[in-house]
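Summary of the model geometry
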Amino acid sequence: MSIAATQNRGFGATLWDYLTTVDHKKIGNMYIAAGAFFFLIGGLEALIIRIQLIKPENDFITAGLYNEMITMHGTTMIFFAATPILIGFMNAIMPLQIGARDVAFPFLNALGFWLFLFGGILLNLSWIFGGAPDAGWTSYAPLSLQSPGHGVDFYVMGLQLSGAGTLMGGINFIVTIVTMRAPGMTYMRMPLFSWTTFVTSILILFAFPALTVGLFLLMFDRMFGSAFFDVALGGNAIIWQHLFWIFGHPEVYILILPAFGIFSEIIPAFSKKRLFGYTSMVFATFLIAFLGFMVWAHHMFTVGLGPVANAIFAVATMAIAVPTGIKIFNWLATMWGGSITINSAMLWALAFIPSFTIGGMTGVMLGAASADYQYHDTYFVVAHFHYVIVGGVVFGIFAATHYWYPKLFGRILNEGMGKLAFWLFFIGFHLTFFIQHFLGLMGMPRRYWVFLEGQGLDTGNLISTLGAFLMGLGTIVVLINVIYTAVKGEKAPADPWDARTLEWSIPSPPPEYNFKKLPLVRGLDPLWIEKTEGKGKMTAAEPAVDIHMPNGSIFPFIMTIGFFIASLGFIFQVDNHLWLLAVYFGMALALGTMLARSLKDDHGHHIHKEELEREAD
Amino acid sequence: MNNDNMNIDKINSFQKQQNKEEMKKQIITFVLMIAFTVVAFAVVASGLEAIYAVPLILILAVVQVGFQFYYFMHMKDEGHEVPSSLIFGGIWVAVLTILTMTTIIWW
Ligand code: HEM
Ligand SMILES: [Cu+2]
């Protein structure tokens, strides 16, 4: 397909193109766009929560609706905003960084995206079908078993769908990195973002099955009368907590490791220096992932596991601070003596370091099991995880947006608006969450619908709400920036930042096959090596050849629709057995599509080298 | 393995020797695995007390899985480092989980 043909096409053709695409860059962009949409919804829910808490004994929303808000806010932000936006960046950027033309399983990649999207849609449909889930994003049994209506059922099915999608994404990235690196791209020459993508994918592979199992058990308990978590019938409610946190703690590292990777790209690029301690960075990433699986019970210190279990998990938890500290010092050392450019991307990176460190320090405080009896389920915990997730992950997402936007969309985001958004958001963030540490220490419980006057909580909550509005403003400025850039933004060259890694050696946005000729990688920061010691651009590792590309397919979309219909059937068959028909129909559609896909031979197509030569770049 | 479609004449004697060795190993492991299965059934049939029978069968099972991975699925050959480290990682996580669950929930 030539570049001219992709322009000026009708809306229908473009829509069809996106519905059937298996191009990792388009899928990545769709992940980012859909994740951004859910981020706005989750943000709106957050503002509603904060308005309710702006003053004592407020009655802005009812207690029931409040529970739905906090549940949907947490679930949406973790599963449908932060995770997919990061997966979007991994999808769009990682293959470019390792010099690959595609991912290993393009079809699976598309399926993963659609499952995530429809999982998110399913979850949010609960708002119009009789009430959203209200048992918290952790959905602890027995609360989640007793929650009336279908809210928690939507939670179960929505997460099950999107979880399957995420698992596919993880497997796909692992195989891509193991098998598709360009000639010369050894493991120890991979950029840190590709490394963290790899390790994150391993975490996904091992952590998500625990969630899948937990959700299945909850599904059987709620819809088919089993009693895994029902103490009255001999079940055990604590098992849910274990399963959830065996998944849940690695999940927080699934979120933060890619952000670490993002900063490890941005800081060297804008310090004009090689990443300090590259090997130790890789090592620390693995160590964090390894330890991340041995600490889940720190979320359950107050459950009554006993002093021995608590002590073991407390020590393991605090140990994570060591590799994290290694990373912090490496970033600082990278900047030391560098020639630093401070633009929007770099501002987010600079702000990340102290903000995230505060979150890490409160984490170690929480990790002290005996002290956690005091902090647990107070606003202190709320402050902790927002410092790590917003100060770490969300800052990372904003930084990545500024840094890679030119590569993804061929235009540079406006710097003025970028800086304005940063300052609004940064100040708003600290206003909102710093004070929450003290609210928590004063005894304000987490998930609190109203607080009373005269308990010293008024001012803190007011400040917190004002800060939240500043963050909202900052987000709106980012949105305006994106729209403005789409209309009048400055066109981006291939390498707008004078950066170091392979993705900057190809046009912005890259052609569908990424690399006309696979590059020969001569070391860490391959483009930089060529700039300083070579011809200034990558040497090809192969002569011009025909490029093999996968064909697009509508099957992933149809399969997803099948699973979506079946999920609705599962939810409503509790009320009326006729809904089982939807289960059968949906499953038949999904499985039938799988069968069709397996029986149909599809060898993809080639882009011929003559055609490549005609497409002058 | 990868010489299926090579011309028989072209396989040099070294390759031939290698293949013979490989075949011998495959057959030995195959026989061993059948033997293990027979032993497992025999243990149950003999009416050995559960406290001895269960660990014995579990050990046999673990060894069989090892044979399966290393010989039949070629994990012993070169170029399988990443899959094997992933498998061991997974086993590690699973063992850890089961261990913790059994000690702190059900003990
Ligand atoms: C030095 C590293 C860290 C330590 C020692 C640590 C420790 C802890 C502990 C002990 C808790 C439980 C507190 C309680 O409920 O009483 C907790 C909660 C939490 N942490 Fe961390 N943490 C660390 C890093 C992170 C990171 C990097 C993230 C995410 C990116 C994160 C996200 C969370 C979340 C979401 C919760 C709340 C879960 C909930 O109950 O809903 N933490 N942390
Ligand atoms: Cu944790």
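Residues numbered from 1 in each chain as written. Chains lettered and ligands numbered in written order. Predicted model: local features only at pLDDT ≥ 70, side-chain atom pairs only at ≥ 80, totals over all residues. Heavy atoms only, no water.

**Here we look at helix H11 (residues 307-319) of chain A**
Residue pairs three or four apart in sequence face the same way in an α-helix, which turns once every 3.6 residues. Applicable threshold: Comment: elements are numbered from the N terminus, with helices defined as DSSP H or I runs of at least four residues and strands as E runs of at least two. In this analysis, the expected span of each helix is defined as 1.5 Å times one less than the number of residues it contains. Three exposure classes are used, based on accessible area relative to the maximum for each residue type with a 1.4 Å probe and protein chains only: buried under 20%, partly exposed in between, and exposed over 50%. Throughout, a residue-residue contact means that at least one pair of heavy atoms, one from each residue, lies within 4.5 Å.
Between the first and last C-alpha of H11(A) there are 18 Å, a value that for 13 residues agrees with the 18 Å anticipated at 1.5 Å per step. Residues of H11(A) that are buried: A:Ala309, A:Asn310, A:Phe313, A:Ala314, A:Ala316 and A:Thr317. At its buried positions, H11(A) is contacted by helix H12 (321-335), helix H13 (344-367) and helix H14 (369-375) of chain A together with helix H3 (81-106) of chain B.

**Some thoughts on the nonpolar core**
All names here are of chain A. Our working definition: We call a set of buried residues a nonpolar core when its members are Ala, Val, Leu, Ile, Met, Phe, Trp, Tyr or Cys and they connect through side-chain atoms within 4.5 Å of each other.
Counting residues in hydrophobic clusters, the biggest one holds 182 residues, and the most contacted among them are Trp 331, Phe 395 and Tyr 403. At 20 residues, the largest contribution of residues to this core is made by helix H9 (residues 238-271). Setting aside its immediate chain neighbours within four residues, Phe 395 contacts Phe 263, Trp 348, Ala 351, Phe 352, Ser 355, Val 390, Phe 425, Phe 426 and Phe 429. Membership of the second largest hydrophobic core comes to 12 residues, among which are Ile 61, Ile 70, Leu 439 and Phe 451.

**Comments concerning the confidence of the model for chain B**
All names here are of chain B. Just so we agree on the cut-off: Predictor confidence is given residue by residue as pLDDT, running from a minimum of 0 to a maximum of 100.
Counting all residues, the mean pLDDT for chain B is 81, and 89% of those residues have values of 70 or more. The low-confidence segment residues 1-5 (pLDDT under 50) makes three contacts with residues lying over four places distant or belonging to another chain. With pTM at 0.91, the complex prediction returns an ipTM value of 0.73.

**Remarks on H3(B)**
Here H3(B) is 26 residues long and its end C-alpha atoms lie 36 Å apart, about the 38 Å a rise of 1.5 Å per residue gives. Residues B:Val82, B:Ser84, B:Leu86, B:Gly90, B:Val93, B:Leu96, B:Thr97, B:Thr100, B:Met101 and B:Ile105 constitute the buried set of H3(B). Elements that come into contact with the buried residues of H3(B) comprise helix H7 (151-179), helix H8 (192-223), H9 and H11 of chain A.

**Quick word on unusual backbone geometry**
Residues and elements named next belong to chain A. Of note, the amide linkage connecting Ala 141 to Pro 142 takes the cis form, showing an omega dihedral of 5 degrees. With respect to the element layout, Pro 142 can be found in the loop between helix H5 (106-125) and helix H6 (143-146). Following Ser 508, the chain continues to Pro 509 via a peptide bond in cis, the omega torsion being -15 degrees. The residue Pro 509 is located in the loop between strand E2 (490-491) and helix H18 (526-533) in this model. One non-glycine residue with positive phi stands out, namely Asp 377, at about 60 degrees. Topologically, Asp 377 is positioned in the loop between H14 and helix H15 (379-409). At Arg 447, a residue that is not glycine, the phi angle is positive and equals roughly 55 degrees. Within the secondary structure layout, Arg 447 lies in the loop between helix H16 (415-441) and helix H17 (458-488).

**What to know about the interface of chain B and chain A**
How we decide: As used in this structure description, the phrase polar contact means that two N or O atoms lie within 3.5 Å; if the pair is within protein, one of them must be able to donate a hydrogen and the other to accept it, and residues adjacent in sequence are counted only when both atoms belong to side chains. The residue classification treats Ala, Val, Leu, Ile, Met, Phe, Trp, Tyr, Cys and Pro as nonpolar and Asp, Glu, Lys and Arg as charged. All others, Gly included, are polar.
Of the residues lining the interface, 13 residues belong to chain B; the matching set on chain A comes to 17 residues. Our count for the chain B to chain A interface comes out at zero residue pairs in polar contact (both at pLDDT 80 or more). Residues that form the side of chain B that touches chain A fall into these classes: nine nonpolar, four polar and no charged.

**Remarks on a nonpolar patch on the surface**
Residue and element names in this part refer to chain A. Basically, it comes down to this: Only residues whose relative accessible area exceeds 30% and that take part in no salt bridge are eligible for patches, with like-charged residues grouped when within 9 Å of each other and nonpolar side chains (Val, Leu, Ile, Met, Phe, Trp, Tyr) grouped when within 5 Å. The method behind every accessible area is Shrake-Rupley, applied with a 1.4 Å probe, and residues are considered shielded solely by the protein chains displayed. One speaks of a salt bridge when a side-chain nitrogen belonging to Lys or Arg is within 4 Å of a carboxyl oxygen belonging to Asp or Glu.
A grouping of Leu 40, Leu 473, Ile 476, Leu 479, Ile 480 and Tyr 484 is seen on the molecular surface, where their side chains present a nonpolar patch of about 510 Å² in accessible area. Top contributing element to the nonpolar patch by residue count: H17, with five residues. You can see Leu 40 is positioned in helix H3 (residues 24-52). Overall, the relative accessible area of 36% leaves Leu 40 in the partly exposed class.

**Points about the coordination of the copper ion (ligand 2)**
All names here are of chain A. Put simply, the test is: Coordination shells were defined by N, O and S atoms within 2.8 Å of each metal, extended to 3.2 Å for Na, K and Ca; water is absent from the atom set, which can make sites look incomplete.
At this site the copper ion (ligand 2) is bound by His 249 (ND1), His 298 (NE2) and His 299 (NE2), with donor distances of 1.8 to 2.0 Å. For the copper ion (ligand 2), the donor residues sit on a single chain with the sequence spacing H-x48-H-H. In this model, the copper ion (ligand 2) sits 4.4 Å from the iron atom of ligand 1. Taken together, the residues His 249 in helix H9 and His 299 in the loop between helix H10 (278-292) and H11 connect sequence positions 50 residues apart. Overall, the relative accessible area of 6% leaves His 249 in the buried class.

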